[in-house]
Amino acid sequence: VTTIAGTGRKGLRELAGTDPLTQDLRSPWDLALEGTRLYIAMAGDHQIWRMDLAENRLGPYAGSGGEGIDDGDLEDATFSQPSSLTLADGKLYVADPEASAIREIDLEKKRVHTLVGTGLFDFGDRDGSLSGAQLQHALGVAYWEDRKLLVADTYNHKLKLIDLESGKLSTLLGNGEPGSEIGRDVRLNEPGGLAIAGDRILIADTNNGRILDYDPESGRAREWNPVKD
């Protein structure tokens, strides 16, 4: 293991563009890599940071540092404990749990747009049109395929799907109640992370202390066995 950024001390101020090994960080939660640019969900600063691996420079990329759900230019937008990142088609998607929101950053236009979420500390469990949909403290997001995003809807104990083409949110797994059943009638308990493995979806089912392997074609899930799989 080699440290590429951070000192081990909690960051209290920004030092944009400084040597990453002299910069104090504040609760980095997730990473997304595009070429030599490493995006960092800096949850404690309510910002997205970016590290240039070629030039070895690090600093804030998006977010004013204030907590909120404001859209707009990178420096004016606000985030609320960004905790998960995924990249696709020139967009960086962000799970923003304190606003129970999923945000989109257009990397070319340098603009932030809210896909799901109505306000800081607003939450619910409502599928349908993205403009009226609600999540509850969603901690994970992953780009799947065909302009679809998977969401770990953590406090609703569900796996949800955002269809970017239709502008709809739907539930794939879970009935809203915590549980540990697997098979077809899967129940989750505060899922916190997602990963795509070929045609399968891996779910960090946090409070059940397990990773689930979900097959979207059959609609079945089982505990993941990395030795056999």
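Structure: above.
Residues numbered from 1 in each chain as written. Predicted model: local features only at pLDDT ≥ 70, side-chain atom pairs only at ≥ 80, totals over all residues. Heavy atoms only, no water.

Asker: I'm lost on the overall build of the chain in this one. Help?
Answerer: Each helix and strand counted, the chain has zero helices and 18 strands in total. Here the C-alpha atoms of the chain give a radius of gyration of 17 Å, agreeing with the 17 Å that 2.2 N^0.38 yields for 229 residues. A buried classification covers 48% of the 229 residues belonging to the chain. For the chain, the proportion of contacts with a sequence separation of at least 24, taken over those separated by at least 6, is 39%. Split by element, the accessible area of the chain, about 10,800 Å² in all, is 45% carbon and sulfur. The distance from the centre of the 25 positive side-chain charges to the centre of the 39 negative ones in the chain is 1 Å. (Helix = DSSP H or I, 4+ residues; strand = E, 2+ residues; numbered from the N terminus. Rg over C-alpha atoms; globule rule 2.2 N^0.38 Å. Buried < 20%, exposed > 50% of the residue type's maximum accessible area, 1.4 Å probe, protein only. Contact = heavy atoms within 4.5 Å. Areas by Shrake-Rupley, 256 points an atom, 1.4 Å probe, with all protein chains shown as cover. Lys, Arg positive; Asp, Glu negative; His and termini not counted. Charge placed at Lys NZ, Arg CZ, Asp CG, Glu CD.)

Asker: Would you mind going over the sheet that holds strand β18 (residues 220-223) with me for this structure?
Answerer: Pairing between sheet strands relies on hydrogen bonds along the backbone, with the strands arranged either parallel or antiparallel. The strand order β15-β16-β17-β18 describes an open sheet built from four strands, whose pairing is antiparallel. Bordering the open sheet on either side are β15 (191-197) and β18, each of which pairs with just one other strand. With strand direction ignored, the average angle separating the axes of adjacent strands in the sheet is 25°. One ladder, built from six bridges, connects β15 with strand β16 (residues 200-205); its direction is antiparallel. Its bridge partner lying in β16, Pro 191 is registered against Asp 205. (Pairing = 2+ DSSP bridges. Axes fitted to C-alpha atoms, helices over the stretch in contact; angles between N-to-C directions.)

Asker: Which parts of the structure should I look at to understand the pairing of strand β8 (residues 101-106)?
Answerer: Across a regular strand the side chains alternate sides, sitting on one face of the sheet and then on the other. Across the six residues of β8, six count as buried, placing the element largely inside the fold. Residue alternation in β8 divides its side chains into two sets, Ala 101, Arg 103 and Ile 105 and Ile 102, Glu 104 and Asp 106, and both sets are buried. Between strand β7 (residues 91-96) and β8, which pair antiparallel one after the other, the connecting turn spans four residues, and Ser 100 there sits at a positive phi close to 45°. Where β8 meets strand β9 (residues 111-116), five bridges bridge the pair, whose relative direction is antiparallel. If you follow Ile 102 over to β9, its bridge partner there is Val 116. Where β8 folds back on β9, the antiparallel hairpin that results is connected by four residues, among which Lys 110 adopts a positive phi of roughly 60°.

In short, shape yes, function no, at least from these values alone.
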